[in-house]
Amino acid sequence: ADDPLAMETLRRKGKVSKSKSKVDTTNYNYLIEPRNILGNEETEGLQSSSTVGIDSIGNVFLAWQDYGKDGSLNGVFGRRFMSNATPFGEDFLVNTTTTYDQEAPSLITNAGGQSVSVWMSGITTKEIRGQVFDKDGNTLGREFRASGGNIGFNPKVALSNEDEFVVVWENIDSDGRGIAAQRMK
């Protein structure tokens, strides 16, 4: 049962919000809802650099880099969840290219559920690659290269509801280092 005095004390300390919290009065720990969920099935090894997209009805697309799981070095993996946190399926490989590293993913999902994931690809000469997914998590087209022949780091992506997206990254070319962008459809 909720203890009103304990709740008020925790509220004043900024520990819980009024609308979404419950207090365990036996030891005065607090729980904040909704519950935490495990985003990836495979927890062996090193998973890092997570990113998330969400559509207009609350369905979630997670992506992260996972060391060694794609048969090479780092690979980008994803998993989709319904708005109630029930998984749509298992972890899946986002990148098609598996030679060397695929790392530092960035992901965006539009209101209709279409998603774009971009990442760095390569070992020392990094390029920016990406993949588009439909609302059901199926790939649309092939993996693409956004950065042309230039070296790129730290990609980010923005997606419109008209299926256009922009990829931006730190660019290294013959003129030095700068910010580059590519508008795609």
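Look up: the structure comes first, before these words.
Visitor: Looking at this model, I keep getting lost on the overall build of the chain. Mind explaining?
Guide: Per the secondary structure count, the chain includes one helix and 13 strands. Shown N-terminal to C-terminal, the secondary structure of the chain runs as helices and strands in the order α-β-β-β-β-β-β-β-β-β-β-β-β-β. For the chain, the proportion of its 185 residues judged to be buried stands at 39%. At a minimum sequence separation of 6, the contacts of the chain that also span at least 24 residues come to 36%. Total accessible area on the chain stands at roughly 10,600 Å², and carbon and sulfur atoms take up 50% of it.

Visitor: Teacher, can you tell me more about the sheet that holds strand β3 (residues 47-54) here?
Guide: Note: strands within a sheet are paired through backbone hydrogen bonds, in either parallel or antiparallel orientation. Read across the open sheet, the four strands follow the order β3-β4-β5-β6; overall the sheet is antiparallel. Across the chains shown, the open sheet's two edge strands, defined by having one partner strand only, are β3 and β6 (92-93). Relative to β6, strand β5 (residues 74-81) is paired through two bridges, and the arrangement is antiparallel. Counted as the bridge partner of Gly 78 is Phe 92 from β6.

Visitor: Help me understand the nonpolar core in this model?
Guide: Note on soluble globular proteins: their nonpolar side chains tend to be buried together. With 14 residues, the main nonpolar core has Val 116, Val 118, Ile 128, Phe 144, Ala 146, Phe 165 and Val 167 as its most contacted residues. Elements with a contribution of two residues or more to this core: β8 (115-122), β9 (127-133), β11 (151-159), β12 (165-173) and β13 (176-184). Other than its neighbours up to four places away in sequence, Ile 128 contacts Val 118, Trp 119, Met 120, Phe 144, Arg 145, Ala 146, Ser 147, Gly 152, Phe 153, Pro 155, Val 167 and Trp 169. Residues Ala 63, Val 76, Val 94 and Leu 107 belong to the second largest nonpolar core, which totals seven residues.

Visitor: Would you mind showing me how to read the pairing of β12 here?
Guide: Put simply, side chains in a regular strand alternate between the two faces of the sheet. For β11 and β12, the ladder comprises seven bridges, and the chain directions are antiparallel. From the neighbouring strand, Leu 159 faces β12, where its bridge partner is Phe 165. In textbook terms, the turn of a hairpin is the stretch between consecutive antiparallel strands, and for β11 and β12 this stretch comprises five residues, one of which, Asp 163, has a positive phi near 70°. Relative to β13, β12 is paired through nine bridges, and the arrangement is antiparallel. Note that in β13 the partner of Val 168 across the bridge is Ala 181. Between β12 and the antiparallel strand that follows it, β13, lie two residues.

Scoring rules and cut-offs
For every chain, the first residue of the written sequence is number 1, and numbering continues from 1 onward in sequence order. The model is predicted, so local features are restricted to residues of pLDDT at least 70 and side-chain atom pairs to those at 80 or more, both for listing and for counting; the totals for chains, interfaces and linings are taken over all residues. Based on all heavy atoms of the structure, the side-chain values leave hydrogens and waters out of the count. Secondary structure elements are taken from DSSP: a helix is a run of H or I of four residues or more, a strand is a run of E of two residues or more, and numbering for both begins at the N terminus. We call a residue buried when its accessible area falls under 20% of the maximum for its residue type, exposed when it is over 50%, and partly exposed in between, using a 1.4 Å probe and counting protein chains only. Contacts: residue pairs with any heavy atoms within 4.5 Å of one another. Note that accessible areas follow from Shrake-Rupley with a 1.4 Å probe, and for residues the cover is restricted to the protein chains shown. A pair of strands counts as paired when DSSP detects no fewer than two bridges linking them. We define a nonpolar core as any set of buried Ala, Val, Leu, Ile, Met, Phe, Trp, Tyr and Cys residues linked to one another through side-chain atoms lying within 4.5 Å.

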